[in-house]
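These are the residues of each chain, in order.
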Amino acid sequence: MDETKAKEILWVRAVEDGDLQGEVFPLDERAKTTMGVVPRDEVPTDPNRREVQDLLSRRASSAASYLTNKHGQIAASPTSHRPWGLIIAGLCVLALVLGFLSDRLVNHGRINVISAPLLGILAWNALVYLWNLVSPLLGKRADALGLQGLLAPVLGIGRDKVDDQPDSNPPWGKLRGNFLARWTGLTGRPDLHRLTGALHLAAACFAGGQIGGLYLSGLVRRYLAVWESTFLDAPSFERLASILFGPASKFFNIPVEVTENMNAATGGGVDARDWIHLCAATLLLFVVLPRIVLALASRFRAARAWKSATAELEPDLGNYARDLLRQITKSGKDVAVISYGLDFPETSHEALRRSILHAIGKPGSLRFVAGPSYGEEDEYLSTLGTIPDIAILLFPLTGTPEEETQGVLAELVAKAVGNGSDRGTLGLLYADRFHEKFRDQPEFEDRLTRREEIWAQVLVPRGVAPFSWNTTAPASETGDQIIQALRGTEPIPTHPSIDQSPTS
């Protein structure tokens, strides 16, 4: 999957996940968009990897077109691809110019064959090669070090800025923030490898600039080659020259001839032709070619990192695709959500509806109805109307269940609905207020577990599978819990010894 398609898919998904009420992307338009890219006679129930990518790519293009037509450019995905071609070209041109200038600043008529530009770039590259050998031992900690670690924040690699106000209506800032959290996690490492490759190419161009400066200046003036040093004598320089220029001399068959006239302190220098060739060949062997190899290796690592990141994303995209298909495929099941003991906010209806779609597909009907008044549980079935295929009893987790009320209602509904592969009764423990009240307390987890066990003690013996639900949880997560509860594969155990005294 290329980055353009991945970005569009993640943006449309971020809009759908954050826009539960359909203010930005209306719910009926989402279904129309899916149906528009799926053959009605061949809706796949379990699409393979290729079908998932094709479906999501075509749907995302259609959805993105709808969003921009309705809302304008603000609805476009909030980040663009980094122009790596321009970035690489800019770095290379800058490095080439600096390399050329470094030669011009030092060499004026005479070339010091152990001048600072030559020895400096060789020493710098030796350190870089050493770092490339050591950095794998540091793992991801190495990403923040080195020149690429300094430039990454400048280019925005690993982070993106959200300019919109998060509390705006529609909540574009929130939608963009959710998208960018996913997008930067997907592209962070590939972009870092691309930046590393660009720096390797820039280093090769810097050395190329030095080589070009030597030859270009040699065309229009006569250079003399010398050596001068405060710390080296003639024998020491000869040893250094044989080590420094020996590989280039052997590879290109260029002699290393050190004469007395090369000493700047005693002579005027010698013809620089062979020494220019030696300097250029040394830079070519030790800088240009290795850096090009490292740049190609970084490009390979970037491609591999992208492939790995998208491979980790594929299961999630598969679930997303199947959710979309279920939303346009009727399951034929009638579902009733019966709230008892709480005023269930209508703003949460959509979150629960999406979870139901994830679990069973598009129901034949979906009703949100009020439960009985306290003490009237026995007569409730007569007022419910048609008995649903799936009943979801919605209880407040903050409440304490009683055998004579919640227990009676659960037993009556469960017996009327029955059980099986396409029928069942669930106990959904509405946990929003419980989280608001206790989540900052250190004993929150223990208190939550205890409360769930108390509800399980009343509901499980009556054939009702309970689990707690927070409306901020992903629809797929709650949907998976619904699937598990309907299958009855892992019923929640009862704990008769637990004290049922209130804990709220």
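Quick caveat, the model's predicted, so the values are computed rather than measured. (Residues numbered from 1 in each chain as written. Predicted model: local features only at pLDDT ≥ 70, side-chain atom pairs only at ≥ 80, totals over all residues. Heavy atoms only, no water.)

*Asks:* I'd like to hear about the pattern of salt bridges, residue by residue, with values.
*Replies:* It is possible for side chains of opposite charge to pair when their charged atoms get near one another. Under the counting rule described, the total for this entry stands at 15 salt bridges. Between R58 and D54 there is a salt bridge whose closest N-O contact spans 3.1 Å. Taken together, the positions of R58 and D54, both in helix α3 (residues 49-71) and 4 residues apart, correspond to about one turn of that helix. One salt bridge in this structure joins R462 and E403, with 2.3 Å as the shortest N-O distance. Of the two residues, R462 is situated in the loop between α14 (444-459) and β8 (465-469) and E403 in helix α12 (residues 403-417); the sequence distance between them amounts to 59 residues. For E403, a relative accessible area of 33% gives the class partly exposed. Each of R13, D17, R182, D316 and R354 takes part in a single network of salt bridges with overlapping partners. (Salt bridge = Lys/Arg side-chain N within 4 Å of Asp/Glu carboxyl O. Helix = DSSP H or I, 4+ residues; strand = E, 2+ residues; numbered from the N terminus. Buried < 20%, exposed > 50% of the residue type's maximum accessible area, 1.4 Å probe, protein only.)

*Asks:* Hey, could you go over the sheet that holds strand β4 (residues 334-339) for me, with residue numbers and the actual values?
*Replies:* Read across the sheet, 5 strands follow the order β5-β4-β6-β7-β8 without closing on themselves; strand pairing throughout is parallel. At either end of the open sheet lies a strand with only one pairing partner, and these are β5 (365-370) and β8. Strand-to-strand, the axes of this sheet are offset by a mean angle of 20 degrees, without reference to chain direction. With 5 bridges joining them, β4 and strand β6 (residues 390-396) adopt parallel strand pairing. Bridged to A336 within β6 is A391. (Pairing = 2+ DSSP bridges. Axes fitted to C-alpha atoms, helices over the stretch in contact; angles between N-to-C directions.)

*Asks:* Talk me through helix α15 (residues 475-487); I want residue IDs and the actual numbers.
*Replies:* Between its first and last C-alpha atoms α15 spans 18 Å; for 13 residues at 1.5 Å apiece the expected length is 18 Å, and the two agree. Listed in full, the buried residues belonging to α15 are T478, G479, I482, I483, A485 and L486. Down the axis of α15, the buried side of the element spans an arc of 165 degrees, and every buried residue falls inside it. Summarising the contacts, the buried residues of α15 are in contact with α10 (349-360), β6, β7 (424-430) and β8. (Expected span 1.5 Å × (residues − 1). Arc of directions from axis to C-beta. Contact = heavy atoms within 4.5 Å.)

*Asks:* Go over the packing of helix α7 (residues 172-220) against helix α9 (residues 273-327), please, and point to the residues and values.
*Replies:* Interaxial distance between α7 and α9 falls to 8 Å at its minimum, and their mutual angle equals 170 degrees. Considered as vectors, α7 and α9 are oriented roughly antiparallel to each other. For the contact of α7 with α9, the residue count by class is 26 nonpolar, 10 polar and 4 charged. (Parallel < 35°, antiparallel > 145°, perpendicular 65-115°, else oblique. Nonpolar A, V, L, I, M, F, W, Y, C, P; charged D, E, K, R; others polar.)

*Asks:* So what's going on with the pairing of β7? Which residues, and what values?
*Replies:* Most of β7 is tucked away, with 7 of its 7 residues classed as buried. In β7, alternate side chains face the same way, and those of G424, L426, L428 and Y430 on one face and T425, G427 and L429 on the other are all buried. Looking at chain direction, β6 and β7 are connected through 7 bridges and run parallel. Bridging across to β7, A391 finds its partner in T425. Sheet topology note: the β7/β8 ladder contains 5 bridges and is parallel. Counterpart to L428 in the pairing with β8 is F467.

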